[in-house]
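For reference, the chains in residue letters:
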Amino acid sequence: MTTVISGAYIAPIVGDEIPNGYLVVEGTMITAVGSGPAPVIPGAETIDASGCLVTPGLVNTHHHLYQWASQGLAKDNTLFEWLVALYKPWSKMDAEVVGGAAAAGLGWLAKSGCTTSTDHHYIFPRGRGDLFAAEIDAAQRIGVRFQPCRGSMDRGVSDGGLPPDEVVESLDDILTATAEAIDTYHDASFGSMLRIAVAPCSPFSISKELLVESAGLARAKGVRLHTHLAETLDEEEHCLAQMNCTPVEYMEQVGWLGDDVWFAHAVHLHDSDIAKMAATGTGTAHCPSSNARLGAGIARISDLLAAGAPVGLGVDGSASAEMVPLAGEVRQAMYMQRAKYGPTALTARQALEIGTLGGATVLGRQSEIGSLEVGKLADIAIWRTDGFYSAVDDPVVAFAYGQTPPLARLMVGGRTIVENDVLTSAPQDEIGRAGADAHRRLMKLAEDVL
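An unreviewed UniProt entry lists the protein chain under the name 8-oxoguanine deaminase, with Rhodococcus navarretei as the source organism.

Now the structure itself:
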């Protein structure tokens, strides 16, 4: 099928913006981007995007979809307090909870312009079904590109870690399950809808051996590595006390710096950390709303960008960033940097680039997605910047400042999955109910530990 998008203000991310232009999509690919009147192509679907801003689809580089079922808990806690409060109910989740939560979380992301999302799932209670398969099924139902990370924890309280022993796995079980997930699901082909990453959880919940073995496994299989890092000062104190080094220094020791690695948060970085991450191409998933909600701090995103380190956006888990839309993180990232470093710290266009091409680069997919160019996949968001928004002359500013404009259309590989702010790839109301049902089910399963 051929689709022509006409009359739009196009922000391609790479190259000059086009105040009045068009895109042509053939099948899954962008085949033309230009200025002026769109070509007439017999039989093509034509989308009149007059009064609209067209951007690449947004890329979410960090999430915990299962947490949709545990929103609104531990509302005023630090990260460590929040985790201790929530580990026990999370230990009771099953595949039904994860499936409903993932569907709602991914549907919500799509409604905020997200076409590609990761997920970091790191708790696997025994005997509760195939949790990893449940979220993959949900992603296929919603129609977004998906890069789930097979997470893990092997260091419980009895070994000096933070999580209770009942939610950790053995090293051998983790490595076996992770290899099986890669072999079963990972698709490295151009335009893939499903790729897998390897993702031990965090320095305070995993052993050094797990980090080393996970890096070896990922590199042998040709997949990427992901973990939480430097989210709070508590974490730095933990690393200094137990490993006698800072979090980034620890990652360097275990071979976890490189252009196949990205860290979630990276809030508390030293100058030397930033230099190392930039020199090695190590990426960051910036989650400004979650960092603010938990009082973790404001990441040095402007400094990372100035050093040339890859940075993408993430909404983080729904239990630490309740109902946060990915498009809203463009604004949040920009405003948080300005609040700390001044009004020139991050521009609207820089923030939009972080949310698109920056995220694609963090995930190693910059040759496929993240910008509107001929030969790239047709992952496209069309935002209505007419009406109230037309009082702002610059559509990119209208998008990035204030409330996100309505989403007229969202396409993933040329397929429409959101139209006029409504999820169309699956019944929107049904997906919303699935998320609510997942919450109620988890609360019932966990009632003896809450």
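Student: Sorry if this is basic, but what is going on with the pattern of salt bridges here?
Tutor: Side-chain pairing between opposite charges can occur once the charged atoms of the two side chains come close. With the rule as written, the count across this model stands at 23 salt bridges. When the shortest N-O distance is used, the salt bridge between Glu-45 and Arg-409 registers 3.2 Å. Linking Glu-45 in strand β4 (residues 45-48) with Arg-409 in strand β15 (residues 407-412), this pair joins segments that are 364 residues apart in sequence. Judged by its relative accessible area of 24%, Glu-45 is partly exposed. A salt bridge links Asp-394 to Arg-349; its shortest N-O distance comes to 2.9 Å. Placement of the pair is Asp-394 in the loop between β14 (380-384) and α13 (395-400) and Arg-349 in helix α12 (residues 348-362), with a sequence separation of 45 residues. You can call Asp-394 partly exposed: its relative accessible area is 23%. When salt bridges with common partners are traced through the structure, they connect Glu-17, Arg-349 and Asp-394 into a single cluster.

Student: Just to check I follow, could you spell out the UniProt feature "domain: Amidohydrolase-related" (unreviewed entry) in the protein chain for this structure?
Tutor: Under the local residue numbering, the UniProt record ascribes the feature "domain: Amidohydrolase-related" (unreviewed entry) to residues 53-394. Annotated as 41% helix and 15% strand, the span residues 53-394 places its first and last C-alpha atoms 10 Å apart.

Student: Can you walk me through the side chain of Arg-150 in this structure?
Tutor: Locating Arg-150 in the fold gives a position in strand β8 (residues 145-152). A polar contact is formed between the side chain of Arg-150 and the side chain of Glu-169, at a distance of 3.0 Å.

Student: What should I look at first to understand the pairing of strand β5 (residues 52-56) in this one?
Tutor: In the case of a regular strand, side chains alternate between the two sheet surfaces. Within β5, 5 of the 5 residues are buried, which leaves it mostly tucked inside the rest of the structure. As defined by bridge partners, strand β1 (residues 2-10) adjoins β5 across 2 bridges and the pair is classed as parallel. Bridging from a neighbouring strand, Ile-10 pairs with Val-54 of β5.

Student: Help me understand the packing of helix α2 (residues 95-111) against helix α14 (residues 428-445) in this model?
Tutor: Angle between the axes and distance between the axes are the two parameters that describe a pair of packed helices. Two elements in contact, α2 and α14, have axes whose closest approach is 8 Å; the angle formed by their N-to-C orientations is 140°. Viewed along their axes, α2 and α14 adopt a mutual orientation that is oblique. Here α2 and α14 pass one another in a crossing that is left-handed. Two secondary-structure elements touch here, α2 through Glu-96, Val-97, Gly-100, Ala-101, Ala-103, Ala-104 and Lys-111 and α14 through Gln-428, Ile-431, Ala-434, Gly-435, Ala-438, Arg-441, Leu-442 and Leu-445. Tallied by class, the residues present in the contact of α2 with α14 amount to 9 nonpolar, 3 polar and 3 charged.

Student: Help me out: how do you make sense of the environment of Thr-28 in this one?
Tutor: Checked against the element boundaries, Thr-28 lands in the loop between β2 (18-26) and β3 (29-35). In this structure, the C-alpha to C-alpha distance between Thr-28 and Arg-128, residues 100 residues apart in sequence, is 37 Å. Setting aside anything within four residues of it in sequence, one finds Thr-28 in contact with Lys-376, Leu-377, Ala-378, Gly-413 and Gly-414.

Student: Teacher, can you tell me more about the packing of α2 against helix α3 (residues 131-142) here?
Tutor: Where α2 contacts α3, the two axes come as close as 8 Å, and the packing angle between them is 35°. Handedness of the crossing formed by α2 with α3: right-handed. Taken together, the residues of α3 that come into contact with α2 (itself represented by Ala-95, Val-98, Gly-99, Ala-102, Ala-103, Leu-106, Gly-107 and Ala-110) are Leu-131, Ala-134, Glu-135, Ala-138, Ala-139 and Ile-142. Its residues placed into classes, the contact of α2 with α3 shows 11 nonpolar, 2 polar and 1 charged.

Student: Honestly, the packing of aromatic side chains in this entry has me stumped. Any pointers?
Tutor: Each aromatic ring pair is specified by the distance between its two centres and by the angle formed by the two planes. Enumeration over the complete set of coordinates arrives at 9 aromatic pairs. Pairwise contacts between aromatic rings join Tyr-66, Trp-82, Tyr-87, Trp-90 and Tyr-122 into one cluster. One cation-aromatic arrangement involves Arg-150 over Phe-124; the distance from NZ or CZ to the ring centre is 3.7 Å.

Student: What's the story with the nonpolar core in this structure? I'm lost.
Tutor: Burial of nonpolar side chains together is a common tendency in soluble globular proteins. Membership of the largest hydrophobic core comes to 118 residues, with the highest contact counts inside it found for Trp-82, Leu-83, Tyr-87, Trp-90, Met-251 and Trp-256. Among the elements that take part in this core, α2 stands out by supplying 9 residues, more than any other. Ignoring any residue separated from it by four or fewer positions in sequence, one finds Trp-256 in contact with Val-198, Pro-200, Leu-211, Ser-214, Ala-215, Leu-225, His-226, Thr-227, Met-251, Val-261 and Phe-263. Counting residues in hydrophobic clusters, the runner-up holds 17 residues, among them Ile-5, Ile-30, Cys-52 and Met-411.

Calculation rules
Residues numbered from 1 in each chain as written. Predicted model: local features only at pLDDT ≥ 70, side-chain atom pairs only at ≥ 80, totals over all residues. Heavy atoms only, no water. Salt bridge = Lys/Arg side-chain N within 4 Å of Asp/Glu carboxyl O. Helix = DSSP H or I, 4+ residues; strand = E, 2+ residues; numbered from the N terminus. Buried < 20%, exposed > 50% of the residue type's maximum accessible area, 1.4 Å probe, protein only. UniProt positions renumbered as here; feature names shortened; annotations may be inferred. Polar contact = N/O pair within 3.5 Å; in protein donor to acceptor, adjacent residues only side chain to side chain. Pairing = 2+ DSSP bridges. Axes fitted to C-alpha atoms, helices over the stretch in contact; angles between N-to-C directions. Parallel < 35°, antiparallel > 145°, perpendicular 65-115°, else oblique. Left-handed = near helix turned anticlockwise from the far one by under 90°. Contact = heavy atoms within 4.5 Å. Nonpolar A, V, L, I, M, F, W, Y, C, P; charged D, E, K, R; others polar. Phe/Tyr/Trp six-rings, centres within 6.5 Å; stacked < 30°, edge-to-face > 60°. Lys NZ or Arg CZ within 6 Å of the ring centre and 35° of its normal. Core = buried A, V, L, I, M, F, W, Y, C linked by side-chain atoms within 4.5 Å.

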